[in-house]
Amino acid sequence: EESSIYLKEDSGWTRKESWGWKVYQKRPTHLNPTEGMIGMAGSANKIVSLRDFIQEGQIPQTNPQLLGECLVAGPLRLGERGDVVAVYSIQQMPFLKFNSATISLLSFLLQWASRSLERAHYIKNLQAKDILDTRYDVYSCRYFLSRASQEFSRSRLYYLPLSTGLVKIEGD
């Protein structure tokens with residue numbers, strides 16, 4: 001019912017998006033790097049539940065409202081083993097039962113989302129380098145010519161045959 005995403009910034013975690021919240025509900029918009037469950041999940045690079053938070057003795061003295069900030073939080077990485085770029089937190093979920101299966105499911109979903117983030121970042125980099133033609137979703141002509149030159153040099157170096165093909169698409 002209620003969840004949010006906090007993005008990592010130099011000064012800590014900033015809430016970027018939230019779902020299911022009422023206008024009158026006040027949730028933290030910015031947290032220090034290790035503050036609360038969101039900070040703990042991001043800095044430790046692991047899923048943290050309310051139980052873990054209390055067992056670690058992390059009950060906030062400076063801001064007691066953070067104790068109820070969320071039920072569970074987990075890191076979103078740039079790829080499965082990349083750096084943490086955000087933390088996804090669940091504040092309220094009526095049908096959610098906390099057990100090992102729930103944490104495993106959340107872990108699976110966060111890994112899937114992390115792989116998707118990595119893929120989106122990869123595509124964005126290809127587009128920025130003008131390697132990918134976004135109109136047809138194929139490699140650009142410039143990239144093709146660059147790779148063709150490399151392959152031609154490689155075929156001459158190792159005395160391998162080289163075959164090429166070119167398809168010209170007339171656009172509208």
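Conventions used here
All chains use their own residue numbering, which begins from 1 and follows the written sequence. Where local features are concerned, this predicted model is filtered to residues with pLDDT of at least 70; where side-chain atom pairs are given and counted, the filter is 80 or more; whole-chain, interface and lining totals use all residues. Just so you know, side-chain values use all the structure's heavy atoms and leave hydrogens and water out. For two strands to count as paired, DSSP must find a minimum of two bridges between them. Numbering goes from the N terminus for both helices and strands, where a helix is a DSSP run of H or I of at least four residues and a strand is a run of E of at least two. Contacts are assigned to residue pairs that have any heavy atoms within 4.5 Å of one another. Helix axes are fitted to C-alpha atoms over the stretch in contact, other axes to C-alpha atoms as well, and angles between N-to-C directions run from 0 to 180 degrees. For every residue, the accessible area obtained with a 1.4 Å probe (protein chains only) is divided by the maximum for its type, and the residue is called buried under 20%, exposed over 50%, and partly exposed between those limits. Residues counted as positive are Lys and Arg, residues counted as negative are Asp and Glu, and His and the chain ends are not counted. Just to be clear on terms, a salt bridge is a Lys or Arg side-chain nitrogen sitting within 4 Å of an Asp or Glu carboxyl oxygen. Contacts described as polar in this section are N or O atom pairs within 3.5 Å, which, within protein, must combine one atom able to donate a hydrogen with one able to accept it, while residues neighboring in sequence count only if both atoms come from side chains. Any helix carries an expected span of 1.5 Å times its number of residues minus one. Definition used in this section: a nonpolar core is a set of buried Ala, Val, Leu, Ile, Met, Phe, Trp, Tyr and Cys residues joined via side-chain atoms within 4.5 Å.

Trainee: Would you explain the sheet that holds strand β5 (residues 72-77) in this entry?
Mentor: Sheet strands associate in pairs through backbone hydrogen bonding, adopting either a parallel or an antiparallel arrangement. What the 6 strands build is an open sheet, ordered β3-β2-β1-β6-β5-β4; its pairing is antiparallel. Each having just a single partner strand, β3 (30-31) and β4 (48-49) make up the two edges of the open sheet. Bridging between β4 and β5 involves 2 bridges; their strand directions are antiparallel. When the sheet's bridge partners are listed, Ser 49 is paired in β5 with Val 72. The sheet contacts of helix α1 (residues 36-44) involve β1 (2-9), β2 (12-19), β3, β4, β5 and β6 (84-92), and relative to β5 the element is tilted by about 40 degrees. This element, helix α3 (residues 100-128), spans β5 and β6 of the sheet and lies at about 25 degrees to β5.

Trainee: What exactly am I supposed to notice about the pairing of β1 here?
Mentor: For a regular strand, side-chain orientation follows a simple rule: the groups alternate between the two sheet faces. Bridge count between β1 and β6: 6 bridges; the pairing is antiparallel. Looking at the pairing, Ser 4 lines up with Ser 89 of β6. Of the strand pairs in this sheet, β1 and β2 are connected by 7 bridges, and their pairing is antiparallel. Each residue of the ladder has a partner; that of Lys 8, found in β2, is Trp 13. In this structure, the hairpin formed by β1 and β2 is closed by a connection of 2 residues.

Trainee: Is there a simple way to think about the side chain of Glu 35 in this case?
Mentor: Looking at where Glu 35 falls in the secondary structure, it is placed in the loop between β3 and α1. Notably, Glu 35 is buried but unbridged: the nearest opposite-charge side chain belongs to Arg 15, and the N-O separation is 12 Å. From its side chain, Glu 35 meets the backbone nitrogen of Asn 32 in a polar contact 3.0 Å long.

Trainee: Can you walk me through helix α4 (residues 141-158) in this structure?
Mentor: Turn by turn, an α-helix covers 3.6 residues, leaving residues three or four places apart pointing in a common direction. Here α4 is 18 residues long and its end C-alpha atoms lie 25 Å apart, about the 26 Å a rise of 1.5 Å per residue gives. In the segment just after α4, Tyr 159 is the residue with positive phi, at about 55 degrees.

Trainee: Which parts of the structure should I look at to understand the pairing of β2?
Mentor: Here β2 runs beside β3; their pairing, made up of 2 bridges, is antiparallel. Each bridged residue has a counterpart across the sheet, and for Thr 14 the counterpart in β3 is His 30.

Trainee: Teacher, can you tell me more about the nonpolar core here?
Mentor: What tends to happen in soluble globular proteins is that the nonpolar side chains get buried as a cluster. By size, the foremost hydrophobic cluster in this structure holds 14 residues, and its most contacted members are Tyr 6, Trp 13, Ile 38, Val 48, Ala 73 and Val 87. Elements with a minimum of two residues in this core: α1 and β6. Among the elements that take part in this core, α1 stands out by supplying 4 residues, more than any other. Contact partners of Ile 38, with chain neighbours within four places excluded, come to Tyr 6, Trp 13, Leu 31, Glu 69, Cys 70, Ala 73, Val 87 and Ser 89. If you look at the next biggest cluster of nonpolar residues, it comprises 7 residues, including Val 72, Ile 90, Leu 106 and Leu 110.

Trainee: Sorry if this is basic, but what is going on with unusual backbone geometry here?
Mentor: Not every positive phi belongs to a glycine, and Asn 45 is a case in point at roughly 60 degrees. Positionally, Asn 45 belongs in the loop between α1 and β4. Given the relative accessible area of 34%, Asn 45 is considered partly exposed. Even without being a glycine, Tyr 159 presents a positive backbone phi close to 55 degrees. Mapped onto the elements of the fold, Tyr 159 is located in the segment after α4. Given a relative accessible area of 75%, Tyr 159 falls into the exposed group.

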